[in-house]
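Each chain is listed here by its residues.
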Amino acid sequence: DFLPLKCDACGEVFCKDHIRYDDHKCSSAYKKNVQVPVCPLCNTPIPVQKGEIPDVVVGAHIDKDCKYNPAQQKQKIFTNKCLKPGCKRKEMMKVVCEQCGGNFCIKHRHPLDHDCKGSSQPTSKA
């Protein structure tokens, strides 16, 4: 039952039960790994040439080419402050009133909720 099969990574000969890289714990399997590693800091794919160890290449990228900016992680997301007097809420996205053009939080987005001074059209079509 032994059919000699040559491992295309390490060149050793194995039977059909042990030809897979994991089955014979192939030390050269990384040469055939075609996955592209991604930098854990900047999320950029790092090209790895054949024969290179991905961990070493990613480490070298982190040491010299990485564009990771720790300050970027601390940038504020909630920057759109509600214009209703006394309200201190902020939203991620602008919530603009169609009548007065003001920016409000979700709670005060409707014209009746922020004492809208916009156009004199009816505030509800209902």
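Described below are features of the structure shown in this document. (Residues numbered from 1 in each chain as written. Predicted model: local features only at pLDDT ≥ 70, side-chain atom pairs only at ≥ 80, totals over all residues. Heavy atoms only, no water.)

## A closer look at the side chain of S28
Here is step 1 of the chain: Tracing the chain through its elements places S28 in the loop between strand 2 (13-14) and helix 1 (54-64).
Here is step 2 of the chain: Those residues in contact with S28 that lie beyond four places of it in its chain are A9 and C10. (Helix = DSSP H or I, 4+ residues; strand = E, 2+ residues; numbered from the N terminus. Contact = heavy atoms within 4.5 Å.)

## With respect to the side chain of H61
Here is step 1 of the chain: With respect to the secondary-structure elements, H61 resides in helix 1.
Here is step 2 of the chain: The exposure class of H61 is buried, given its relative accessible area of 10%.
Here is step 3 of the chain: What H61 contacts, discounting residues up to four positions off in sequence, is C39, C42, I46 and C66. (Buried < 20%, exposed > 50% of the residue type's maximum accessible area, 1.4 Å probe, protein only.)

## Some thoughts on the environment of C26
Here is step 1 of the chain: In this structure, C26 sits in the loop between strand 2 and helix 1.
Here is step 2 of the chain: Among the residues examined, C26 registers a relative accessible area of 12% and is labelled buried.
Here is step 3 of the chain: Ignoring anything within four residues of it in the chain, the contact list for C26 reads C7, A9, C10 and Y21.

## Brief notes about the environment of M92
Here is step 1 of the chain: Locating M92 in the fold gives a position in the segment after strand 4 (90-91).
Here is step 2 of the chain: In sequence terms M92 and K81 are 11 residues apart; their C-alpha atoms lie 9.2 Å from each other.
Here is step 3 of the chain: What M92 contacts, discounting residues up to four positions off in sequence, is I77, F78 and N80.

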